[in-house]
Amino acid sequence: MFVVDLTYRVPLDEVDVHLEAHRRFLAEQYAAGVFVASGPKTPRTGGVILARSDSPEHLAAVLARDPFHVHGVAAYRVTEFHVKAAALGLEHLMDA
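Residues numbered from 1 in each chain as written. Predicted model: local features only at pLDDT ≥ 70, side-chain atom pairs only at ≥ 80, totals over all residues. Heavy atoms only, no water.

Another point: the side chain of Ser53. Tracing the backbone shows Ser53 in the loop between strand S3 (46-51) and helix H3 (56-63). From its side chain, Ser53 meets the backbone oxygen of Ser55 in a polar contact 3.0 Å long. A polar side-chain atom of Ser53 sits 2.7 Å from a polar atom in the side chain of His58. Apart from the residues within four sequence positions on either side, Ser53 is in contact with Phe2, His58 and Leu59. (Helix = DSSP H or I, 4+ residues; strand = E, 2+ residues; numbered from the N terminus. Polar contact = N/O pair within 3.5 Å; in protein donor to acceptor, adjacent residues only side chain to side chain. Contact = heavy atoms within 4.5 Å.)

Shown next as structure tokens:
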């Protein structure tokens, strides 16, 4: 499992130019089973994505297609972790 921490590198008006394309990218990754949860930070300085991937390299290749990455809108910090406990209903996220 991975936590992807996005930090905006440009003013919010420029972020908003790419927001719909970014949301379409997110929807594609949900459909592909890569993304588990996502949303903006408060205050709105970036966002967070919870992702599943076979490897850090695969996730990096996925994130490279994000319009926020393509247009230099956000910087990404990726942290891998192993899910050893989860709330009721989220047990499917736990490592085998």
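Attention shifts here to the packing of aromatic side chains. Evaluation of the coordinates by the stated rule reveals three aromatic pairs. Ring geometry for Tyr8 and Phe68: centres 5.9 Å apart, planes at 85 degrees, overall edge-to-face. Note that Tyr8 is positioned in strand S1 (residues 2-8) and Phe68 in helix H4 (residues 67-70), a separation of 60 residues in sequence. Residue classification places Tyr8 among the buried residues on the basis of a relative accessible area of 16%. On the numbers, 6.2 Å between centres and 85 degrees between planes, the contact of Tyr30 with Phe35 is edge-to-face. We classify Phe35 as buried; its relative accessible area is 3%. Taken together, Phe25, Tyr30 and Phe35 form an aromatic cluster joined through their ring pairs. (Phe/Tyr/Trp six-rings, centres within 6.5 Å; stacked < 30°, edge-to-face > 60°. Buried < 20%, exposed > 50% of the residue type's maximum accessible area, 1.4 Å probe, protein only.)

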